[in-house]
There are 4 protein chains.
Amino acid sequence: MPEAESTETSAPRRRQARGERRVAQLLEAAAGVFCRSGYAAASTNAIAREAGVSPGTLYQFFPNKEAIAIELGGQLLHKAAETHGQAFLPENLALPLPELLDAVLDPVIAFNCENPAFCALMHGSGIPGHINDEHEALHTGIQERVEQVLGHLTPGLSTAERAVTAHVVLAVFKSSLDLILASEGAEREAYIAEVKTLLRRYLEPLVAPLPTTP
Amino acid sequence: MPEAESTETSAPRRRQARGERRVAQLLEAAAGVFCRSGYAAASTNAIAREAGVSPGTLYQFFPNKEAIAIELGGQLLHKAAETHGQAFLPENLALPLPELLDAVLDPVIAFNCENPAFCALMHGSGIPGHINDEHEALHTGIQERVEQVLGHLTPGLSTAERAVTAHVVLAVFKSSLDLILASEGAEREAYIAEVKTLLRRYLEPLVAPLPTTP
Amino acid sequence: MPEAESTETSAPRRRQARGERRVAQLLEAAAGVFCRSGYAAASTNAIAREAGVSPGTLYQFFPNKEAIAIELGGQLLHKAAETHGQAFLPENLALPLPELLDAVLDPVIAFNCENPAFCALMHGSGIPGHINDEHEALHTGIQERVEQVLGHLTPGLSTAERAVTAHVVLAVFKSSLDLILASEGAEREAYIAEVKTLLRRYLEPLVAPLPTTP
Amino acid sequence: MPEAESTETSAPRRRQARGERRVAQLLEAAAGVFCRSGYAAASTNAIAREAGVSPGTLYQFFPNKEAIAIELGGQLLHKAAETHGQAFLPENLALPLPELLDAVLDPVIAFNCENPAFCALMHGSGIPGHINDEHEALHTGIQERVEQVLGHLTPGLSTAERAVTAHVVLAVFKSSLDLILASEGAEREAYIAEVKTLLRRYLEPLVAPLPTTP
DNA sequence: GATGAATGAGGATTCATTCAT
DNA sequence: TATGAATGAATCCTCATTCAT
């Protein structure tokens, strides 16, 4: 008789647990749908269906479609943070550039390969211009992290220069990530190697007085 | 009998002229809407409204939304071809890399700044997977052009390597273009300079035995 | 110099001639489209296109879609009348029933096979109830003709009985005609024979004291 | 725990009940609209309006217009089957023809008078050629039933002859049904009697060595 | 919470018809 | 006359969101 033993704390706790399961369920479904259709073309009904719940249930946990994307982004970010150290920031920023790139990019790429929804979300609504505040926030967060790393790497740059470089690095990396995610096997490896080469050559002159570029 | 002749020919001519004006009007409106909303989110009704005509009128000139995008892409390509020599291919591919990049990128960037719709169209439907045949064709065409130039630049690469490089160059350039188009004035200039730097550093080792990178 | 010699009578005449050609052109096109799509699904634009003229031209000769059907029906009726004597009424109504049926039905069937649009028109707009006045008129005209023949055949019937019989005969014949038109070759011949048998057996008891049915 | 149980089962049950009511409502509305306008001219919006719901609601229960027709046809067929024995096939096929016709036709006619939508559906889309698969299926089903009965009646006919006869019988009956449905009272009775007479006279020579036709 | 029915504006597209030329 | 552009309401259908149960 579980009802009897349910104290004032355990019943809500169970409910809350169930709620979290639901949220997880919905987010997983959303991840799938976003990947398959992109954010804009994903319909909330499709997400609910994929999650095996009714549309109403979805709206019990998320006020609207955007909120799903935001939460999903957040969760993925969090997952990334706990899987890979402090959100992809390697402990040792003093590594030589090629090793640093490996240290930073390998986990990020691996994470995106395992969670392709993350990339789908990064591309935003497909509607240019002001996507949306929270979406923007995700972006900005990543952006800042890139700037942080760049700050360590290239102390000689002005803030403005660093911002430009960070934007370029991020944009370039994102588009390369699409290439990586769209391919498989050896081709994917080739793209991965190529992005690293690209970024290494781009950043090397900024970071070291004695470039070792081949 | 000039009267009969002139009326018989000038009336259709005027009508045709009006039709062409409408098409131009509609394409301009479409360009605007595509820029603002992206291809997928652009509605034919919105395009018609922007053009100041009824939905029916739009469909007198275009069989469907895709046809608008295709025609717009075609017109822009054509416009590009006649504005800038032979579709952005500079006469002299033997230029030193920095000059070559200027020669290739400056017109392309200028063109995209003047015709931001082109970029919007390049981004496709936003729906992953099979976008659409003609859309794809546009892409492939550009792709081939990039490979051509790369062929001249880097005769040492295998076909597969060249394809990878071309994809990366194109992806990188497209994403940088977004940055450029999203900014203005000095910021824009900074991005432009940065893309060139990026590509120069990336390609230099491939092209020249004696790199001049600072 | 045809303009000079065009007197006040010949110019209008030419215009009128041209008009009649246009009408014929349009009606022929309409016949084709009605056959292929049925009356309801036929679009005036499609008719104009088939006729090789613009929608506007069509509306210069016909006030609306219905008018086309009416005129087409009329023309076909007229054509029938002049091809086959006095609109399918045989000279000799005193023939024995089987011969009479041949004499009446063979031309009608032949005519409908050559002009399948007629049948398409008879089926009306597909919208039950009061189709439309003129459409109705066509129907009524045929109806009356059937009653005429029946009047000769079966003088014993009351007016009401005759009306019922005429309606049944007509309905039955129309539906059989569909079967005939939908088939070809031997199958068509079989249907033709069958309709005659059907009508013969139906009418024989009404017409003759001594049935000769096998 | 009856409370929990009752709420957990009765709420869905009530919802489901509402859904079924809606479906019934929509089908009834569809029946009305199909009758008034025919299948082709019936609009889903009109059906929804007639049912007093929004277009979206209609599409919650039916994926498209055709599905409505199919479901309505199915329901009517089912209703027919349970109202009248085994889909209008009388127990005793060995009855004398006049009684057999009464036994077969009376229920069919009664059913169609009570459910005129059935007849509207039978007339198909109005567009010649390939109507639609399920529509076709309905037709074929009826066709087969007619052939079955004919098989009992007229064992002397070849398969091909039987098919022709069945087609003719069905076509003739359908068109007569239109007449019946379009009339009322005594007129309707007259038409009913007349169809029976027609079919009796048509089939008698096929079925019996000693015709009793008056 | 969970359900799924309900909404209604909006999507692309068609079409009979009108109008300026 | 002939043209074809122009109209706009109507078509089927979708979707984010809400509501009663």
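Because the structure is a prediction, the values reported are computed rather than measured.

Examining the overall build of chain A
Working step 1: Summing up its helical and strand segments, chain A has 10 helices and zero strands in all.
Working step 2: Helices and strands appear in chain A in the N-to-C order α-α-α-α-α-α-α-α-α-α.
Working step 3: The proportion of buried residues among the 214 residues of chain A is 45%.
Working step 4: Considering only residue pairs separated by 6 or more positions, chain A has 60% of its internal contacts joining residues 24 or more positions apart.
Working step 5: Here chain A has roughly 11100 Å² of accessible surface; of this, 54% comes from carbon and sulfur atoms.

A short note on the interface of chain C and chain D
Working step 1: Contact residues are listed per partner, giving 27 residues for chain C and 26 residues for chain D.
Working step 2: Here chain C meets chain D over a buried area of about 2300 Å², counting both sides, of which 72% is carbon and sulfur.
Working step 3: Looking at the side of chain C facing chain D, the largest losses of area belong to Leu198, Arg201 and Tyr202 of chain C, adding up to 24% of the total buried there.
Working step 4: Where chain C touches chain D, the interface holds zero salt bridges.
Working step 5: Breaking the side of chain C that touches chain D down by element, the ones donating at least two residues are α2 (10-41), α9 (159-182) and α10 (185-207) of chain C.
Working step 6: Looking at the side of chain C that touches chain D, its residues break down into 16 nonpolar, eight polar and three charged.

Overview of the relation of the copies chain C and chain D
Working step 1: Placing chain C over chain D gives an RMSD of 0.7 Å and needs a rotation angle of 177°, together with 0.1 Å of translation along the axis. What the rotation and shift describe, once combined, is the action of a two-fold rotation axis.
Working step 2: Take the interface residues of chain C: 96% of them recur as interface residues in chain D, which is what a same-surface contact looks like.

So, the pattern of salt bridges
Two side chains bearing opposite charge may form a pair once their charged atoms approach each other closely.
Working step 1: Counted according to the given criterion, the structure contains 12 salt bridges over all chains.
Working step 2: A salt bridge links aspartate 106 of chain A to lysine 196 of chain A, with the shortest nitrogen-to-oxygen separation between them at 2.6 Å. Residue aspartate 106 of chain A is located in helix α6 (residues 97-114), and its partner lysine 196 of chain A is located in helix α10 (residues 185-207); the two are separated by 90 residues in the primary sequence.
Working step 3: Take aspartate 106 of chain A: its relative accessible area is 34%, and that puts it in the partly exposed class.
Working step 4: A residue is classified by how much of its surface remains accessible, and lysine 196 of chain A, at 16% relative accessible area, is buried.
Working step 5: Put simply, arginine 36 of chain B and glutamate 50 of chain B hold a salt bridge, and the shortest N to O gap is 2.7 Å. With arginine 36 of chain B in helix α1 (residues 2-41) and glutamate 50 of chain B in helix α2 (residues 44-51), this residue pair connects regions lying 14 residues apart in the sequence.
Working step 6: Under the relative-accessibility criterion, arginine 36 of chain B is labelled partly exposed at 48%.

Concerning the nonpolar core
Working step 1: Membership of the largest hydrophobic core comes to 124 residues, with the highest contact counts inside it found for Phe34 and Leu72 of chain A together with Phe34 and Leu72 of chain B.
Working step 2: Apart from residues no more than four positions distant in its own chain, leucine 72 of chain B is found in contact with Leu27, Ala30, Ala31, Phe34, Ala117 and Leu121 of chain B.
Working step 3: Within the second largest apolar cluster, 121 residues are counted, among which are Ala67, Ala120 and Ala171 of chain C together with Leu72 of chain D.

Here's the deal with the environment of alanine 31 of chain A
Working step 1: Examined against the element boundaries, alanine 31 of chain A turns out to sit in helix α2 (residues 10-41).
Working step 2: Separated by 37 residues in sequence, alanine 31 of chain A and isoleucine 68 of chain A place their C-alpha atoms 9.5 Å apart.

Observations concerning the packing of aromatic side chains
All names here are of chain D.
Working step 1: Per the stated rule, a full pass over the model turns up eight aromatic pairs over all chains.
Working step 2: On the basis of an interplanar angle of 50° and a centroid distance of 5.4 Å, the ring pair of phenylalanine 34 and tyrosine 39 is categorised as tilted.
Working step 3: For phenylalanine 34, a relative accessible area of 0% corresponds to the buried category.
Working step 4: By relative accessible area, tyrosine 39 is classed as buried at 10%.

With respect to the protein's contact with DNA strand E
Working step 1: Lining the immediate surroundings of DNA strand E are 36 residues, of which Arg14 and Tyr59 of chain B, Thr44 of chain C together with Arg22 and Gln60 of chain D lie closest.
Working step 2: Backbone atoms, meaning sugar and phosphate, make up 64% of the atoms of DNA strand E lying within 4 Å of the protein.
Working step 3: Here a base nitrogen of DNA strand E sits 3.3 Å away from a polar atom, N or O, in the side chain of serine 54 of chain A.
Working step 4: Broken down by secondary-structure element, the contributors of at least two residues to the surface near DNA strand E are α2 and α4 (55-61) of chain A, α1, α2 and α3 (55-61) of chain B, α3 (44-51) of chain C together with α1 (2-41) and α3 (55-61) of chain D.
Working step 5: A total of five residues in the surface near DNA strand E trace back to one element, the largest contributor, which is α4 of chain A.

Section: the environment of phenylalanine 34 of chain C
All names here are of chain C.
Working step 1: Tracing the backbone through its elements, the reader meets phenylalanine 34 in helix α2.
Working step 2: A sequence separation of 137 residues divides phenylalanine 34 from alanine 171, and the C-alpha atoms of the two residues are 20 Å apart.
Working step 3: Here phenylalanine 34 is in contact with Tyr39, Ala42, Ile47, Ile68, Ala69, Leu72, Ala120 and Leu121, once residues within four sequence places are set aside.

Describing the packing of α9 of chain C against helix α9 (residues 185-207) of chain D
Working step 1: Closest axis-to-axis distance for the α9 of chain C/α9 of chain D pair is 10 Å, and the angle between their directions is 55°. It follows that α9 of chain C is oblique to α9 of chain D by the angle criterion. Crossing handedness for the pair α9 of chain C and α9 of chain D: right-handed. On α9 of chain D, the residues touching Val164, Thr165, His167, Val168 and Val172 of chain C of α9 of chain C are Ala190, Tyr191, Glu194 and Leu198 of chain D.
Working step 2: Counted by class, the contact of α9 of chain C with α9 of chain D contains six nonpolar, two polar and one charged residues.

Re helix α5 (residues 97-114) of chain D
Along an α-helix, a turn takes 3.6 residues, which lines up residues three or four apart on a common side.
Residue and element names in this part refer to chain D.
Working step 1: Look at α5: 25 Å from first C-alpha to last across 18 residues, which is about the 26 Å you get at 1.5 Å a residue.
Working step 2: Maximum bend of α5: about 30°, positioned at leucine 105, with proline proline 107 one to four residues after it.
Working step 3: The set of residues buried in α5 consists of Leu97, Leu100, Leu101, Val104, Leu105, Pro107, Val108, Ile109, Phe111 and Asn112.

Observations concerning the domain arrangement of chain A
Residue and element names in this part refer to chain A.
Working step 1: The domain boundaries assigned to chain A delineate domain 1 (1-62) and domain 2 (66-209).
Working step 2: In this assembly, 10 residues from domain 1 lie in contact with 13 residues from domain 2.
Working step 3: Linking domain 1 with domain 2 are zero salt bridges.
Working step 4: Here domain 1 and domain 2 share one residue pair in polar contact (both at pLDDT 80 or more) between them.
Working step 5: Top element by residues in the side of domain 1 that touches domain 2 is α2. It accounts for seven residues.
Working step 6: Tallied by class, residues from the side of domain 1 that touches domain 2 come to 10 nonpolar, no polar and no charged.

Structural notes on a positive patch on the surface
All names here are of chain A.
Working step 1: Together, Arg15, Arg18, Arg21 and Arg22 make up a positively charged patch on the protein surface.
Working step 2: Mapped onto the secondary structure, arginine 22 falls in helix α2.
Working step 3: Residue arginine 22 is classed as partly exposed on the basis of its relative accessible area of 30%.

Details of the state of the cysteines
Residue and element names in this part refer to chain B.
Working step 1: One pass over the full model with this rule turns up zero disulfides over all chains.
Working step 2: As a non-bridged cysteine, cysteine 35 has cysteine 119 as the owner of its nearest cysteine sulfur, 8.3 Å distant.
Working step 3: Counting only cysteine sulfurs, cysteine 119 is the nearest neighbor of cysteine 113, a cysteine outside any disulfide, at a range of 9.5 Å.
Working step 4: On the basis of relative accessible area, cysteine 113 is assigned to the partly exposed category, the value being 23%.

Regarding the side chain of serine 175 of chain C
Working step 1: Tracing the chain through its elements places serine 175 of chain C in helix α9.
Working step 2: Discounting residues that sit within four places of it in the chain, serine 175 of chain C has contacts with Ala171, Val172 and Ser175 of chain D.

Observations concerning the confidence of the model for chain A
All names here are of chain A.
Working step 1: Across chain A, the average pLDDT comes to 86, with 85% of residues at or above 70.
Working step 2: Looking across chain A, the model is least confident in helix α1 (residues 2-5), with a mean pLDDT of 48, and most confident in α4, with 97.
Working step 3: pLDDT under 50 marks residues 1-5. Its contacts with residues more than four places away, or in other chains, come to two contacts.

Quick notes on the packing of helix α6 (residues 97-114) of chain C against α9 of chain C
Residues and elements named next belong to chain C.
Working step 1: Between α6 and α9, whose axes approach to 11 Å, the crossing angle comes to 50°. Regarding the angle of α6 to α9, the classification is oblique. Helix-helix and strand crossings are classified by hand; for α6 and α9 the assignment is right-handed. Residues Leu105, Val108, Ile109, Asn112 and Cys113 of α6 pack against Phe173, Leu177, Ile180 and Leu181 of α9.
Working step 2: Here the residues of the contact of α6 with α9 are counted per class, giving eight nonpolar, one polar and no charged.

Cut-offs used in this document
- Residues numbered from 1 in each chain as written.
- Chains lettered and ligands numbered in written order.
- Predicted model: local features only at pLDDT ≥ 70, side-chain atom pairs only at ≥ 80, totals over all residues.
- Heavy atoms only, no water.
- Helix = DSSP H or I, 4+ residues; strand = E, 2+ residues; numbered from the N terminus.
- Buried < 20%, exposed > 50% of the residue type's maximum accessible area, 1.4 Å probe, protein only.
- Contact = heavy atoms within 4.5 Å.
- Areas by Shrake-Rupley, 256 points an atom, 1.4 Å probe, with all protein chains shown as cover.
- Buried area = accessible area lost by both parts, 1.4 Å probe.
- Salt bridge = Lys/Arg side-chain N within 4 Å of Asp/Glu carboxyl O.
- Nonpolar A, V, L, I, M, F, W, Y, C, P; charged D, E, K, R; others polar.
- Least-squares fit on C-alpha atoms with pLDDT ≥ 70 in both.
- Core = buried A, V, L, I, M, F, W, Y, C linked by side-chain atoms within 4.5 Å.
- Phe/Tyr/Trp six-rings, centres within 6.5 Å; stacked < 30°, edge-to-face > 60°.
- Near = heavy atom within 4 Å.
- Polar contact = N/O pair within 3.5 Å; in protein donor to acceptor, adjacent residues only side chain to side chain.
- Axes fitted to C-alpha atoms, helices over the stretch in contact; angles between N-to-C directions.
- Parallel < 35°, antiparallel > 145°, perpendicular 65-115°, else oblique.
- Left-handed = near helix turned anticlockwise from the far one by under 90°.
- Expected span 1.5 Å × (residues − 1).
- Bend = angle between axes of the 7 residues up to and from the residue.
- Domains from an automatic or database assignment.
- Patch = residues over 30% accessible without salt bridge, like charges linked within 9 Å, V, L, I, M, F, W, Y side chains within 5 Å.
- Lys, Arg positive; Asp, Glu negative; His and termini not counted.
- Charge placed at Lys NZ, Arg CZ, Asp CG, Glu CD.
- Disulfide = S-S within 2.5 Å.
- pLDDT = per-residue confidence, 0-100.

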